[in-house]
Amino acid sequence: MQSFTLPTWVNSWLETTGRDLIASAPGDQGYMKMVIALAKENFMQGAEGEQGGPFAAAVIHKPTGEILSLGINRVVPLHTSTAHAEMVALARAQQTLGQFSLRQENHLDEDDRPYTLYTSAQMCAMCLGAVCWSGVGEVVYGARAEDTEKLTGFDEGPIHPHWKEELEKRGIKVTGPVLAQEANAVLKAYKDQSHIIYAG
């Protein structure tokens, strides 16, 4: 099985720019600033065949603020349609912990979900399904799915009309849109630069 690898620039970008962005605003806004900037960096770095789509995500341990994993869209460079930013971030987080769920099953509170997924844009149909069984306790998103489709032409798939309620029924809090204007600007920049619009 191919792993979701990240390009070498991501770690250095986090240390030189990403952490400053997190510190620049309180709470959710700091993490959202970071993932939105990372989404833009993803289509600005490297040769065209190594660039990904305008999406980024991070899994954060909310009680401590620790970054457990980052994810960027890697569909084109990894030649796989499932390499969306959220899928990459969730898979890398679970592999880092050595468990298939981010829930703390052995904690005193069996429903304890200390990890939050921050994503620069609302999840597509595929990523929404993955979030249901990921074990995260909260999702914080930037751009709305309808704005992603309108601004880029990407197909976000058959998203359940009551997706927020469905996540909340499963114990997953939904917060957003957060910094939607900034997230939408990144999506528009991607389209304006005539980057590839992959679908299906």
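What comes next concerns the included structure. (Residues numbered from 1 in each chain as written. Predicted model: local features only at pLDDT ≥ 70, side-chain atom pairs only at ≥ 80, totals over all residues. Heavy atoms only, no water.)

1. Comments concerning the overall build of the protein
Note the following rule: Under the scheme used here, helices are H or I runs from DSSP no shorter than 4 residues and strands are E runs no shorter than 2 residues, and both carry numbers assigned from the N terminus. Type-normalised accessible area, obtained with a 1.4 Å probe on protein chains alone, sets the label of each residue: buried when under 20%, exposed when over 50%, and partly exposed for intermediate values. Residue contacts are counted whenever heavy atoms from the two residues lie within 4.5 Å of one another.
Helix and strand counts for the protein come out as eight helices and five strands. The secondary structure elements of the protein, listed N-terminal to C-terminal, are α-α-β-β-α-α-β-α-β-α-α-β-α. Considered along the principal axes of its C-alpha atoms, the protein spans approximately 50 × 40 × 40 Å. Expressed as a percentage of its 200 residues, the buried residues of the protein come to 52%. Contacts spanning at least 24 positions in sequence make up 65% of the contacts within the protein whose residues lie at least 6 apart.

2. Quick look at the packing of aromatic side chains
The criterion, for reference: Under the pairing criterion, centres of Phe, Tyr and Trp rings, with the six-membered ring standing for Trp, must be within 6.5 Å; the plane angle then separates stacked pairs below 30 degrees from edge-to-face pairs above 60, leaving the rest tilted.
The full count for this structure, using the stated rule, is five aromatic pairs. With a centroid separation of 5.1 Å and an interplanar angle of 85 degrees, the aromatic rings of Phe 43 and Tyr 190 are classed as edge-to-face. Within this pair, whereas Phe 43 is found in the loop between α2 (27-42) and β1 (56-61), its partner Tyr 190 is found in helix α8 (residues 180-192), the two being separated by 147 residues in sequence. For the residue pair Phe 43 and Tyr 190, the accessibility class agrees, reading buried in each case. Through a chain of ring-to-ring contacts, the aromatic side chains of Phe 43, Phe 55, Phe 154 and Tyr 190 assemble into a single cluster.

3. Structural notes on the layout of surface pockets
We apply this condition: As defined here, a cavity is a set of points on a 1 Å grid over the protein atoms alone where a 1.4 Å probe fits but cannot get out. A pocket is an open set with protein on both sides within 12 Å along at least five of seven lines, and residues line them when an atom is within 4 Å of a point. Grid points are joined across faces, edges and corners, and a volume is the space filled by probe spheres set on the points. Under this grouping Gly is polar, as are all residues other than the nonpolar Ala, Val, Leu, Ile, Met, Phe, Trp, Tyr, Cys and Pro and the charged Asp, Glu, Lys and Arg.
As a volume, the largest pocket reaches approximately 400 Å³. What lines the largest pocket is a set of 22 residues, and nearest its centre among them are Ser 81, His 84, Cys 124, Asp 155 and Tyr 198. Counting residues per element, the ones that place at least two in the lining of the largest pocket are α4 (85-97), β3 (115-121) and α5 (125-132). The computed volume of the second largest pocket comes to approximately 170 Å³. Forming the boundary of the second largest pocket are Leu 6, Val 10, Asn 11, Leu 14, Arg 19, Ile 67, Leu 68, Ser 69, Leu 70, Arg 92 and Thr 96. Among the elements of the structure, α1 (9-23), β2 (66-72) and α4 are those that each provide at least two residues to the lining of the second largest pocket. A breakdown of the residues in the lining of the second largest pocket according to their chemical character gives six nonpolar, three polar and two charged.

What is shown is where atoms sit, not what they do.
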